Amino acid sequence: MAWADVARALCVLGVVLMHTVITVQAFGFAIEPWRWFVDAMGPFRMSALSMISGLLLSRRIRAGWADEGVRVSVALSAWLYATWLLLFTLFALTVGAFLWVGPLASGDALGTWQAFARQLVLPRTVLWYVLALAVWTAVLATLRRVSPAIVLVALAALSATSFWMPVLEGSDQYRNICRYAFFFALGVYGARFVRDALARHAAGVFTAALGAFALLQSVVVITGIASIENLLSVPRDAAGALVVLSGALFLAAVPLLGRALAWIGRRTLPIYVTHALLLETLILFPGWWVPLVQHHAFARAISPLIITLGCAAAAIAVHALVMRTPMRVIFALPGPIRRRLTRA
């Protein structure tokens, strides 16, 4: 399904663009059009990425723990989260920390390692989504015999109430794990329906989803009440996810563009886990790029796009090099662990 890879590329590049805009604005540069764009894309990015992840893991999860693919998927996500959280911690201790590695920094080495230990359970960095995949897959595989309707209703309620969950340490990402679990489950249980609907009525799905999103977002804007937006976020963002998935199907058919996006979509893991360190490096060593953005209006206007694409290219290049060395374990489950899980 090339459109699935295109959808993943759109979502992950959207995440990198959002973080890039925040990075550039941290230096006081006015790039409001970009800020408006990434804010407008908020209801689409993570809901669509969660749904497409659930859709791709659907068969394994519906089979339960007896399927070795479930065991490997959970172990891989947990391994990647712990490994990259460790790399983030080492970066904070050796290079420095400001924004994207900042949640791990506490002024001294002991505090940083304590933050690392806490975040193995309660994430505060952008790596939260990697942990979420392990948690969501494990929970749904365990609940495989429970009616999907019951699970979806419970997760929809959890998603809507996640906005009122307590703030524990500032940038708590456990609330995002609770919020987007519903969309992952929607992808798991609705995989066959979504695939069939897109195969037969892609234009209809796009039109209906866009109309539903516009209607719900209009209610949110007109009322201006935060609690109403929180409650409507579940159906609104589900519609937004379907807009992305159906739109990706049409983009996949565009010559060159579709092929390029699909190629990126098959490499979203290294982009997602690496981009925060690349952006943190830009913040800690601004001397070579900030003057260019500061003194040239055109460079400032296109800087978020250029930095986003540059981060993606650098992440893919690093991944390609590392996978040829023993260090490939930062992107893949170690062989002994995988063999033990597949023999179980």
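Just so it is clear, the structure is predicted and the values come from calculations on it, not from any experiment. (Residues numbered from 1 in each chain as written. Predicted model: local features only at pLDDT ≥ 70, side-chain atom pairs only at ≥ 80, totals over all residues. Heavy atoms only, no water.)

In terms of regular secondary structure, the protein chain is built from 15 helices and 0 strands. What you see for the protein chain is a C-alpha radius of gyration of 20 Å, in line with the 20 Å of a compact globule of 344 residues. The buried share among the 344 residues of the protein chain stands at 49%. Sequence-distant contacts, at least 24 apart, represent 77% of the contacts inside the protein chain between residues at least 6 apart. Only carbon and sulfur atoms are counted for the fraction: they give 69% of the accessible area of the protein chain, which is about 16100 Å². (Helix = DSSP H or I, 4+ residues; strand = E, 2+ residues; numbered from the N terminus. Rg over C-alpha atoms; globule rule 2.2 N^0.38 Å. Buried < 20%, exposed > 50% of the residue type's maximum accessible area, 1.4 Å probe, protein only. Contact = heavy atoms within 4.5 Å. Areas by Shrake-Rupley, 256 points an atom, 1.4 Å probe, with all protein chains shown as cover.)

The subject of this paragraph is the packing of helix α1 (residues 2-25) against helix α14 (residues 297-322). Direction vectors running N to C along α1 and α14 enclose 125 degrees, while the axes themselves pass 9 Å from each other. When the interaxial angle is binned, α1 and α14 end up oblique. In terms of crossing hand, the pair formed by α1 and α14 is right-handed. When α1 is examined against α14, the residues Leu13, Val16, Leu17, Thr20, Val21 and Val24 are found in contact with a partner set consisting of Ser303, Pro304, Leu305, Ile307, Thr308, Cys311 and Ala312. When the residues that make up the contact of α1 with α14 are grouped by side-chain class, the tally is 10 nonpolar, 3 polar and no charged. (Axes fitted to C-alpha atoms, helices over the stretch in contact; angles between N-to-C directions. Parallel < 35°, antiparallel > 145°, perpendicular 65-115°, else oblique. Left-handed = near helix turned anticlockwise from the far one by under 90°. Nonpolar A, V, L, I, M, F, W, Y, C, P; charged D, E, K, R; others polar.)

On to helix α4 (residues 68-94). Taking 1.5 Å of rise per residue, the 27 residues of α4 would be expected to cover 39 Å, and the 38 Å separating its terminal C-alpha atoms lies within 8% of that figure. Near the N-terminus of α4, the side chain that reaches the backbone nitrogen of Gly69, with its oxygen 2.6 Å away, is that of Asp67. Once α4 finishes, Gly96 follows within two positions and takes phi at roughly 140 degrees, a positive value. (Expected span 1.5 Å × (residues − 1). Polar contact = N/O pair within 3.5 Å; in protein donor to acceptor, adjacent residues only side chain to side chain.)

Next up on the list: unusual backbone geometry. The backbone of Leu256 sits at a positive phi, close to 65 degrees, despite the residue not being glycine. Within the element layout of this structure, Leu256 appears in the loop between α10 (226-252) and α11 (257-265). When its relative accessible area of 68% is taken as the criterion, Leu256 is described as exposed.

Aromatic rings considered in pairs are described by the distance between their centres and by the relative angle of their planes. Applying the stated rule across the entire model yields 11 aromatic pairs. Their ring planes at 85 degrees and their centres at 5.3 Å tell us that Phe27 and Trp289 sit as a pair that is edge-to-face. One end of the pair, Phe27, is in the loop between α1 and α2 (32-40); the other, Trp289, is in the loop between α12 (268-284) and α13 (290-295), with 262 residues separating them in the sequence. Accessibility expressed as a relative area gives 29% for Phe27, which makes it partly exposed. With 4.6 Å between their ring centres and 45 degrees between their planes, Phe44 and Phe213 make a pair best called tilted. Placement of the pair is Phe44 in the loop between α2 and α3 (45-63) and Phe213 in helix α9 (residues 191-223), with a sequence separation of 169 residues. Here the two residues Phe44 and Phe213 agree in accessibility, since each one is buried. Grouping aromatic residues by their ring pairs yields a cluster made of Trp128, Tyr129, Trp136, Tyr180, Phe182, Phe183, Phe184 and Tyr272. (Phe/Tyr/Trp six-rings, centres within 6.5 Å; stacked < 30°, edge-to-face > 60°.)

Ranked by internal contacts, the top residues of the largest apolar core, which has 98 residues, are Phe88, Trp128, Trp136, Leu140 and Leu245. Sort the elements by how many residues they give to this core and α1 lands first, with 13 residues. Those residues in contact with Leu140, other than ones at most four positions away along the chain, are Ile61, Val151, Leu155, Phe184, Ala185, Val188 and Tyr189. (Core = buried A, V, L, I, M, F, W, Y, C linked by side-chain atoms within 4.5 Å.)

Before going further, it helps to examine the confidence of the model for the protein chain. Per-residue confidence for the protein chain gives a mean pLDDT of 94; residues scoring 70 or more make up 100%. The weakest mean pLDDT in the protein chain belongs to helix α15 (residues 335-343) at 86; the strongest belongs to helix α6 (residues 128-142) at 98. (pLDDT = per-residue confidence, 0-100.)

Take a positive patch on the surface next. Residues Arg62, Arg144, Arg145, Arg192 and Arg195 make up a contiguous surface patch of positive charge. Along the chain, Arg192 falls in helix α9. The class of Arg192 is exposed, set by a relative accessible area of 64%. (Patch = residues over 30% accessible without salt bridge, like charges linked within 9 Å, V, L, I, M, F, W, Y side chains within 5 Å. Salt bridge = Lys/Arg side-chain N within 4 Å of Asp/Glu carboxyl O. Lys, Arg positive; Asp, Glu negative; His and termini not counted. Charge placed at Lys NZ, Arg CZ, Asp CG, Glu CD.)

All right, on to the environment of Gly64 then. Along the chain, Gly64 falls in the loop between α3 and α4. Accessibility expressed as a relative area gives 0% for Gly64, which makes it buried. Once the C-alpha coordinates of Gly64 and Val329 are considered, the two residues, 265 residues apart in sequence, prove to be 26 Å apart. Sequence-distant contacts of Gly64, that is, excluding residues within four places in its chain, are made with Val70, Ala141 and Arg144.

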